[in-house]
Amino acid sequence: MFLKIIIYFLIITSCLNSNTSASEFKQALPGYKLVFPNDNANHEDYKTEWWYYTGHLQTKSSKKYGFELTFFRQGISRDNSPTSNLDLNLKDVYIAHFAITDLNNHTFHFYQKLNRNNSNIALSSNSEFFVKNENWLAESLGKNFYISANSKDFSLHLLLEPQKQPIIHGLNGVSQKGSKLGQASHYYSYSRLKATGLIFNGSSPERVSGLAWMDHEFGSNQLDAKQTGWDWVSIQLDNNYELMLYLMRNNDKTYDTNSSGTIIFPDGSYQHLKLSEFTIKTAKTWRSSRTNANYPSQWEINVPKYKISLTVIPEQADQELVTTESTNISYWEGSSKVNGKFDTKSVSGHAYVELTGYAKNINLKKL
């Protein structure tokens, strides 16, 4: 525990001095060409990086689950020398979050890990896709992915098979988050992954199948000082289309004009969406009894150019992660269902929604 307190202190110190420490790292700049499978691996020259899996699973006995498994790498320094007299290599810190939404029992379970880079505990590879944090891991198996996470209540072991090629978000190799050069990330998704494997609820394993989504994002200075957080949604429709949309929220309750999205077509082609080409309106809210944050809790989404009109509804209201043992950022990340119209035809599907910056005790301007 003492070691984790030290690590957490150094993360916070690094974040509070982000303008200085970020200068050691590369910025996400226009012209970057993502190459696969090479870019599935880590990018240690960038300050912040994450590999992010969400999905919707069902057992043969019709039990339904949503899941999230995210691995974060936070660069602290490119200096490989020990930190002070503690003999700690704090070049990178690794954080991981694992969450299960048990839809039959209407419960939400989440777990977290925080470790410094260490070949026996937490690491990622810069030559092959492999990232782990203690007994949680994600890796490539040929053209597929394998992910695994174990906790005292739930364990998950999945083979993920891409049904489409990776989708590159943004324009000219960058997903812009703010108005300044470098306030961006290199960002891509595997938007439709066939999932098969095992889920353990306690000690009892059951076969599961379903659909998953994978994001990989890396950069060094994504947020502007005026921004307070973001709303993000990934949508998988039963007509084989997908959508990714995000809104960067400002202090004055407006949306940053760099907010954008991507529509993915059945053949795997895709198109960038500017903020002016879609709307996301909050229909309901939910207040957390833990953090007192008032989160949006139902959304009406419209993309007029493609005659898309969707309602996104959380599978359950409480899917908040209060990560006091890792990032100390409280956020809502939830399994959701979708229904609506697509060019006059009825559609349905699944979604995952991420909401940051709503809890009172966080300040994303300093990240």
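Because the structure is predicted, anything quoted here is derived from the model rather than measured. (Residues numbered from 1 in each chain as written. Predicted model: local features only at pLDDT ≥ 70, side-chain atom pairs only at ≥ 80, totals over all residues. Heavy atoms only, no water.)

Points about the environment of His 216
Its location among the elements puts His 216 in strand β13 (residues 204-219). Remark: the alpha-carbon pair of His 216 and Thr 70, spanning 146 residues in sequence, is separated by 9.8 Å. Beyond its immediate sequence surroundings of up to four residues, His 216 is in contact with Asp 39, Asn 40, Ala 41, His 43, Glu 49, Trp 50, Trp 51, His 186, Tyr 187 and Tyr 188. Among the polar contacts listed, one links the side chain of His 216 to the backbone oxygen of Asp 39, at a separation of 3.1 Å. (Helix = DSSP H or I, 4+ residues; strand = E, 2+ residues; numbered from the N terminus. Contact = heavy atoms within 4.5 Å. Polar contact = N/O pair within 3.5 Å; in protein donor to acceptor, adjacent residues only side chain to side chain.)

Some details on the layout of surface pockets
Here the second largest pocket is characterised by a volume of approximately 370 Å³. As for the second largest pocket, its lining consists of 17 residues, and the residues nearest its centre are Pro 37, Asn 40, Gly 142, Lys 143 and Tyr 190. Its residues assigned to classes, the lining of the second largest pocket comprises seven nonpolar, seven polar and three charged. (1 Å grid on protein atoms, 1.4 Å probe; cavity = no way out; pocket = protein on both sides within 12 Å on 5 of 7 lines; lining within 4 Å. Points joined across faces, edges and corners; volume = space filled by probe spheres on them. Nonpolar A, V, L, I, M, F, W, Y, C, P; charged D, E, K, R; others polar.)

Here we look at the confidence of the model for the protein
Scored by pLDDT, the protein has a mean of 90; 88% of the residues are at 70 or more. Every residue in residues 1-10 is under pLDDT 50, and counting partners more than four places away or in other chains gives 19 contacts. Throughout residues 361-367 the model reports pLDDT below 50, and contacts reaching past four residues in sequence, or to other chains, amount to 21 contacts. (pLDDT = per-residue confidence, 0-100.)

Details of empty space enclosed by the protein
Under the criterion given, the structure shown has one cavity of 30 Å³ or more. Lining the largest cavity, in full, are Asp 231, Trp 232, Val 233, Leu 245, Tyr 246, Ile 280, Trp 299, Ile 301, Val 312, Val 353, Glu 354 and Leu 355. Those elements giving two or more residues to the lining of the largest cavity turn out to be β14 (227-237), β15 (242-250), β19 (294-303) and β23 (345-356). The residue inventory of the lining of the largest cavity, partitioned by class, reads 10 nonpolar, no polar and two charged.

Considering the pairing of strand β12 (residues 184-201)
Counting buried positions along β12 gives 13 out of 18 residues, so the element sits mostly inside the fold. Alignment of strand β9 (residues 154-162) against β12, held across nine bridges, turns out to be antiparallel. The residue bridging Glu 161 from the neighbouring strand is Lys 194, located in β12. Where strand β11 (residues 175-176) lies against β12, two bridges are found, and the strand directions are antiparallel. For Gln 176, the partnering residue across the bridge sits in β12 and is Ala 184. Two elements, β12 and β13, share 14 bridges in a ladder whose sense is antiparallel. Counterpart to Lys 194 in the pairing with β13 is Leu 211. Taking the residues that link successive antiparallel strands as the turn, the β12-β13 hairpin has two residues, and the phi of Gly 202 there is positive, at about 75°. (Buried < 20%, exposed > 50% of the residue type's maximum accessible area, 1.4 Å probe, protein only. Pairing = 2+ DSSP bridges.)

Considerations on the pairing of strand β3 (residues 92-102)
Judged by how many residues are buried, β3 sits mostly within the fold: 11 of 11 residues are covered. Covered by surrounding structure in β3 are Asp 92, Tyr 94, Ala 96, Phe 98, Ile 100 and Asp 102 together with Val 93, Ile 95, His 97, Ala 99 and Thr 101, the residues of both alternating faces. Relative to β3, strand β2 (residues 64-75) is paired through 11 bridges, and the arrangement is antiparallel. Bridge pairing links Gly 75 to Asp 92 in β3. Where β3 meets strand β4 (residues 107-116), 10 bridges bridge the pair, whose relative direction is antiparallel. The residue of β4 that forms the bridge with Thr 101 is Phe 108.

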